[in-house]
Amino acid sequence: MSNVEAAYRAGSGSKLAVDKVFYSSLKEGSAQRTLVDTIKIPMRSGKAWEVPAGHVFRIRVSEGPQVGDFNMWNKHDPRERMWASRTRQLQSAHVSTYDRLWSTLPFLRPMATIIDDTLADYGQDAEGGRVHDLLGTRCDPYVNKLLTGEDFDFHCHSNLVRAVLPYGLTEFDVHDVLNVFQCTGLNDDDKYFMKACPAKKGDYLEFFAEMDLLCALSCCPGGDLSVDLWGPDAKDPLSTCHPLEVEIYKLDPSSLDCWEEPKSSGYAGGHGLRSPSVDWESIKKGL
């Protein structure tokens, strides 16, 4: 790891600032909450669900270690969706408590904030692995065909597509994911690696919904990723596959007295549609 300063740093009053006291107050045991729904996601499948603004949802390991691929949209306008690469720049390549998942342009606002993570202390292991990954993306049948020459319809991309079809979305709406419970990093050749999932039964990642959300999750057909999916040692990892659960909680309204839904970026410029009249050469000469 390098000690070079991060490129994206918050200035005074930046929206990147997080009120940790407020979000800590929403955790289980701190705020009154009511369980309103539980979504069971069978192994090697995917499901979608809605979360109202101001609610909490928890992705939970219900049986054994299992990786999940997560997508998220603004329920009322799916053009606004989770932006994995910008979240990676603004927050971290692996996210945990108090990190926020940001939306695409031109909206650019927090869609959800992580308020609890039972794997928060995992940190970086001896091989450089960290959990809850934004480095990679979902497995898909197109790359599988590229690597193996075989058609196989049970991938996270396929599961997410099937999950959102009832909500009027299509394959073109499925986007880069948050790999929940997945342990990944970059090796000495600067290439992406995946390790066995360290999560155990009862572990969870918990989010506060900053807006009305449509979410989708795939139980990765790779299971806990302890078995190679490609390469000379690859085999079917079915024995390592488990289900996941999602729990949705309603918070007591008094918990949200100081909260309001984040507003869009507020940028009022031309969005590249017109060229401002600026004499850059004269400005440069005056420096």
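In short, a report on the structure. (Residues numbered from 1 in each chain as written. Predicted model: local features only at pLDDT ≥ 70, side-chain atom pairs only at ≥ 80, totals over all residues. Heavy atoms only, no water.)

As for unusual backbone geometry
Here's step 1: Backbone torsion omega between L105 and P106 reads 5°, so that peptide bond is classified as cis.
Here's step 2: Within the secondary structure, P106 sits in the loop between strand 6 (100-102) and strand 7 (110-117).
Here's step 3: Even without being a glycine, R44 presents a positive backbone phi close to 60°.
Here's step 4: Residue L225 is not a glycine yet carries a positive backbone phi of 65°.
Here's step 5: You can see L225 is positioned in the loop between strand 12 (213-219) and strand 13 (244-251). (Helix = DSSP H or I, 4+ residues; strand = E, 2+ residues; numbered from the N terminus.)

Digging into the environment of I41
Here's step 1: Turning to its location among the elements, I41 is positioned in strand 1 (residues 33-41).
Here's step 2: Among the residues examined, I41 registers a relative accessible area of 1% and is labelled buried.
Here's step 3: Placed 36 residues apart in sequence, I41 and E5 show a C-alpha to C-alpha distance of 40 Å.
Here's step 4: For I41, the contacting residues outside a window of four places in its chain are G46, K47, W49, L217, C219, P243, L244 and V246. (Buried < 20%, exposed > 50% of the residue type's maximum accessible area, 1.4 Å probe, protein only. Contact = heavy atoms within 4.5 Å.)

Here we look at the sheet that holds strand 3 (residues 56-61)
Here's step 1: The strand order across the open sheet formed by 6 strands is 1-13-3-11-7-6, and the pairing between neighbours is antiparallel. Edge strands, defined here as strands with exactly one partner in the open sheet, are strand 1 and strand 6. Taken over all neighbouring pairs, the strand axes of this sheet differ in orientation by 25° on average, direction set aside.
Here's step 2: Relative to strand 11 (residues 204-209), strand 7 runs antiparallel, the two sharing 5 bridges. Across the sheet, residue D116 finds its bridge partner in strand 11, namely E206. (Pairing = 2+ DSSP bridges. Axes fitted to C-alpha atoms, helices over the stretch in contact; angles between N-to-C directions.)

What about the side chain of E206?
Here's step 1: With respect to the helices and strands, E206 occurs in strand 11.
Here's step 2: Accessibility expressed as a relative area gives 0% for E206, which makes it buried.
Here's step 3: There is a polar contact of 3.0 Å between the side chain of E206 and the side chain of R33.
Here's step 4: A distance of 2.8 Å separates the side chain of E206 from the side chain of R58, its partner in a polar contact.
Here's step 5: Not counting residues within four places of it along the chain, the set of residues in contact with E206 comprises E28, R33, V56, F57, R58, T113, I114, I115, D116 and Y249. (Polar contact = N/O pair within 3.5 Å; in protein donor to acceptor, adjacent residues only side chain to side chain.)

Observations regarding the pattern of salt bridges
Here's step 1: Within the structure shown, the criterion is met by 19 salt bridges.
Here's step 2: The partner of E247 in a salt bridge is R60, and the shortest N-O contact between them spans 3.5 Å. Of this pair, E247 sits in strand 13 while R60 sits in strand 3; the two residues are 187 residues apart in sequence, bridging distant segments of the chain. Just as E247 is buried, R60 falls in that class too. (Salt bridge = Lys/Arg side-chain N within 4 Å of Asp/Glu carboxyl O.)

Structural notes on the environment of N71
Here's step 1: Mapped onto the elements of the fold, N71 is located in strand 4 (residues 68-74).
Here's step 2: Here H175 takes part through its backbone oxygen, which lies 2.9 Å from a polar atom of the side chain of N71.

Some points on helix 3 (residues 141-148)
Here's step 1: Two to three positions downstream of the cap, the backbone nitrogen of Y142 sits 2.8 Å from a side-chain oxygen, assigning the N-cap of helix 3 to D140.
Here's step 2: Phi turns positive one or two residues past the end of helix 3, at G149, with a value near 80°.

Considering the side chain of Q91
Here's step 1: Along the polypeptide, Q91 turns up in the loop between helix 2 (84-90) and strand 6.
Here's step 2: Polar side-chain contacts of Q91 include one of 3.0 Å to the side chain of D99.
Here's step 3: Leave out the neighbours within four places in its chain, and Q91 touches L16, D99, R100 and W102.

Topic: the packing of aromatic side chains
Here's step 1: A complete count under the given rule lists 10 aromatic pairs for this structure.
Here's step 2: Taking 4.9 Å as the distance between ring centres and 70° as the angle between the ring planes, the aromatic pair formed by F22 and Y23 counts as edge-to-face.
Here's step 3: Taking the relative accessible area as the measure of exposure, F22 reaches 7% and is therefore buried.
Here's step 4: A residue is classified by how much of its surface remains accessible, and Y23, at 4% relative accessible area, is buried.
Here's step 5: Following the ring pairs from residue to residue traces out a cluster consisting of F22, Y23, F208 and W259.
Here's step 6: Its guanidinium or amino end placed over the ring of F154, R162 lies 5.4 Å from that ring's centre, counting from NZ or CZ. (Phe/Tyr/Trp six-rings, centres within 6.5 Å; stacked < 30°, edge-to-face > 60°. Lys NZ or Arg CZ within 6 Å of the ring centre and 35° of its normal.)

Digging into the nonpolar core
Here's step 1: In terms of nonpolar packing, the biggest core is built from 41 residues, with W49, F57, F70, L178 and L213 touching the most fellow members.
Here's step 2: F70 has contacts with W49, F57, I59, M82, L101, V177, L178, V180, C215, A216 and L217, leaving out every residue within four places of it along the chain.
Here's step 3: One finds Y23, A31, L256 and W259 within the second-largest nonpolar core, a separate group that totals 12 residues. (Core = buried A, V, L, I, M, F, W, Y, C linked by side-chain atoms within 4.5 Å.)

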